[in-house]
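Residue-level structural notes
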Amino acid sequence: MNKMLRLAVVLMKSFGDSIKGKTDKAKNYKRILMYALITVAMLPTAGMIGAAAYGSALALNQVGQAGLVLGIGMTLVTMTVFFFGIFYVLSVFYFAKDVENLLPLPLTSGQIVGAKFLVTLVYEYLTELVVFLPIIIGYGIAMQQGVGYYIAGVLIFLLMPVAPLSLASIIDMLIMSFTNIAKNKDRFKMFSALLGLFLALGINFAAQRIGQDFSDPEMLQRLVSQGDNSLLATMSKLFPTNKIAVLALVSEPITALINLGIFIVAMAMCFGAFYGLSGLLYFKGAVGINESAASRRKLRKEDFERETRIRGSFIATYLKELRLLVRNPGYFVNCVIMNFLFPFFLLIPFLAGGSDLSAKDMQDVSTVVMNPGAMFLAGAFITATNSIACSAISREGRLLYISKFLPIDPKVQLNAKLMTALVFGACASVILILVERFLFEFSLLHGLIGLALLLLSTVFTGVVGLLLDVFFPKLNWDNELKAVKQNLNVLFLILISVIAGGVLVAASLALKLDFVLGGVLIILLFAVIDGFLYATLMTLGAAAYSKLESAS
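What comes next is a walk through the structure. (Residues numbered from 1 in each chain as written. Predicted model: local features only at pLDDT ≥ 70, side-chain atom pairs only at ≥ 80, totals over all residues. Heavy atoms only, no water.)

Let us now look at the overall build of the protein. Summing up its helical and strand segments, the protein has 24 helices and 0 strands in all. A buried classification covers 44% of the 552 residues belonging to the protein. In the protein, the share of contacts with a sequence separation of at least 24, taken over all contacts with a separation of at least 6, comes to 86%. Taken as a whole, the protein presents about 27800 Å² of accessible surface, with 70% of it coming from carbon and sulfur. (Helix = DSSP H or I, 4+ residues; strand = E, 2+ residues; numbered from the N terminus. Buried < 20%, exposed > 50% of the residue type's maximum accessible area, 1.4 Å probe, protein only. Contact = heavy atoms within 4.5 Å. Areas by Shrake-Rupley, 256 points an atom, 1.4 Å probe, with all protein chains shown as cover.)

Now the structure itself:
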């Protein structure tokens, strides 16, 4: 147990940037700032969930079903932990680069897997902090609970992910032990991540449908009056420990204490079952994990000529950037696929609401769409969040020296990187216009001006993002996702885009400009701004790129 805990601490340290050096203090400041920004960004979501739990608890308490709030929250969190835990476990247990270093050490499979389980558990706590903790607090305030409730709530918060994560881990170990899926791990990681994204969309859609049902007081009373905690019992069939946890929070002190004890024992049994099976299954799937399947297809003469034909330096660099984004599972999911999914997020409220959306709701949304500043903000936000431009240099990492050795002008390389971001941003812009055309009636002129605003915002965000990454690249990483997920340039670019778009929205409203006039003025303004920023990229940016050195 002691070795398992020590290993878990080491793995957690390696998750962050624990590389020591003369710039270590600066890295710590950047990391702290990044975590602070993420925390601030999550506070509104957590606040809304807590407020919803507070209001729902008060409403349900009138029919004696306030505990249903905790039951719904636990069920949603448990299912989320289970489904996404399947992908987290695969990444941490098998596809992490530390696996080949851990296997030769004098550690049992249980110690390795147990430590990795604790690391994965920390990931799940981040989800709970945003979703489940506000529900516990909101319910507690609404029902005026005492100190004992919050102590039990903390224990349940810490232990609740153990059961779904143990089940997900056992499923993954069985799959990896008896299949050859690891030999195509890049393809599998891409498939699993896409499955996770579509699952998230499905959960979002279902949550909005449920939310609309629960927003109707008559529907709410009809649901809860069908039986004593009938909904709670139904939702607890897959993970019956959730019902025990709810009873530990809502029952009288003695009954609550008994249920809390049962819940703790049940979690210990789940972890014990996982720990015992790991000794039988883990090594079978982990040994040889870094071996990959190779294609033995014979290369024909035509294929060889096509692959080796001479291309211009710009086209060759652009294709290199494009292939890196498409072929790497992490970059494909976080940088590419979001361009195509984000516009469809607009459809979810309408599909979930169906005919229940009132004319006033449609009019309110239409007013936003008819604001040229809002159109610019949408395009800028999409391009900023895809992080293609603001991680273009960072993705090179320690291999940046290869690009510096190539006989290609730095301006050509920067143009290729910028073009990659602009192409995907333009695709997102076209899809967004088509989705809005599907939802709202507007003229051809409106559509053309809207598309021009989206494209100019894409250029603005792409150039600013590339400038940020040229001057402040994150080249020292041991996992390609850190170049995107732990890159402060992404957060700064989102902040700049939101500020710029917000100023335009406020100006459009203050001046009471219609869409056509406001759109034309913004187009003229940002045609000049984008031209100036591009000239800066080709002068100061190219000079800074020439002086960059690979991380040691």
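As a further point, take helix 14 (residues 313–327). In a regular helix each residue adds 1.5 Å, so 15 residues correspond to 21 Å; helix 14 covers 21 Å between its end C-alpha atoms and thus fits that length. Where helix 14 is concerned, the buried positions are Thr317, Tyr318, Leu319, Glu321 and Leu325. Among the structural elements, helix 15 (329–341) and helix 20 (410–439) are those in contact with the buried residues of helix 14. (Expected span 1.5 Å × (residues − 1).)

Take the pattern of salt bridges next. For the structure on display, the rule yields 5 salt bridges. Across the pair lysine 320 and glutamate 321 runs a salt bridge, and its minimum N-O distance is 3.1 Å. According to the relative accessible area criterion, lysine 320 is partly exposed, its value standing at 33%. Its salt-bridge partner being arginine 395, residue glutamate 321 comes within 3.5 Å of it at the nearest N-O pair. Residue glutamate 321 is located in helix 14, and its partner arginine 395 is located in the loop between helix 18 (372–385) and helix 19 (400–405); the two are separated by 74 residues in the primary sequence. (Salt bridge = Lys/Arg side-chain N within 4 Å of Asp/Glu carboxyl O.)

Remark: helix 18 packs on helix 24 (residues 515–547), axes separated minimally by 8 Å, with the N-to-C direction vectors making an angle of 45°. Taken together, the axes of helix 18 and helix 24 are oblique relative to one another. Counting all contacts with helix 18, which are made through Pro372, Gly373, Met375 and Phe376, the residues of helix 24 involved are Phe515, Gly518, Gly519, Ile522 and Phe526. (Axes fitted to C-alpha atoms, helices over the stretch in contact; angles between N-to-C directions. Parallel < 35°, antiparallel > 145°, perpendicular 65-115°, else oblique.)

You can see valine 92 is positioned in helix 3 (residues 67–95). Between the C-alpha atom of valine 92 and that of lysine 116, which follows or precedes it by 24 residues, the distance is 6.5 Å. Not counting residues up to four positions away in its chain, the partners in contact with valine 92 are Lys116, Thr120 and Tyr123.

Nonpolar side chains tend toward joint burial in soluble globular proteins. Core analysis: the largest hydrophobic core is formed by 58 residues, its most contacted members being Met74, Phe93, Phe132, Ile156, Phe274 and Tyr282. If one sorts the elements of this core by residue count, helix 5 (residues 109–142) sits on top with 13 residues. When neighbours within four sequence positions are excluded, phenylalanine 274 is seen to be in contact with Phe93, Val113, Phe117, Ser166, Ser169, Ile170 and Met173. Formed by 40 residues, the second largest nonpolar core is a distinct cluster that contains Leu432, Ala500, Phe515 and Leu548. (Core = buried A, V, L, I, M, F, W, Y, C linked by side-chain atoms within 4.5 Å.)

Quick look at the packing of aromatic side chains now. In the structure shown here, the tally under the stated rule is 12 aromatic pairs. Ring plane angle 20° and centroid distance 5.8 Å describe the contact between tyrosine 125 and phenylalanine 157, whose orientation is recorded as stacked. Note that tyrosine 125 is positioned in helix 5 and phenylalanine 157 in helix 6 (residues 147–159), a separation of 32 residues in sequence. Given the relative accessible area of 10%, phenylalanine 157 is considered buried. With a centroid separation of 4.3 Å and 40° between ring planes, the pair formed by phenylalanine 376 and phenylalanine 526 is classed as tilted. (Phe/Tyr/Trp six-rings, centres within 6.5 Å; stacked < 30°, edge-to-face > 60°.)

One non-glycine residue, glutamine 144, lies in positive phi territory at about 55°. For glutamine 144, the position within the fold is in the loop between helix 5 and helix 6. Relative accessible area serves as the criterion here: at 73%, glutamine 144 is assigned to the exposed category. Its identity is not glycine, yet serine 387 carries a phi of approximately 60°, on the positive side. Note that serine 387 resides in the loop between helix 18 and helix 19. Look at serine 387 and you get buried, because its relative accessible area is 1%.

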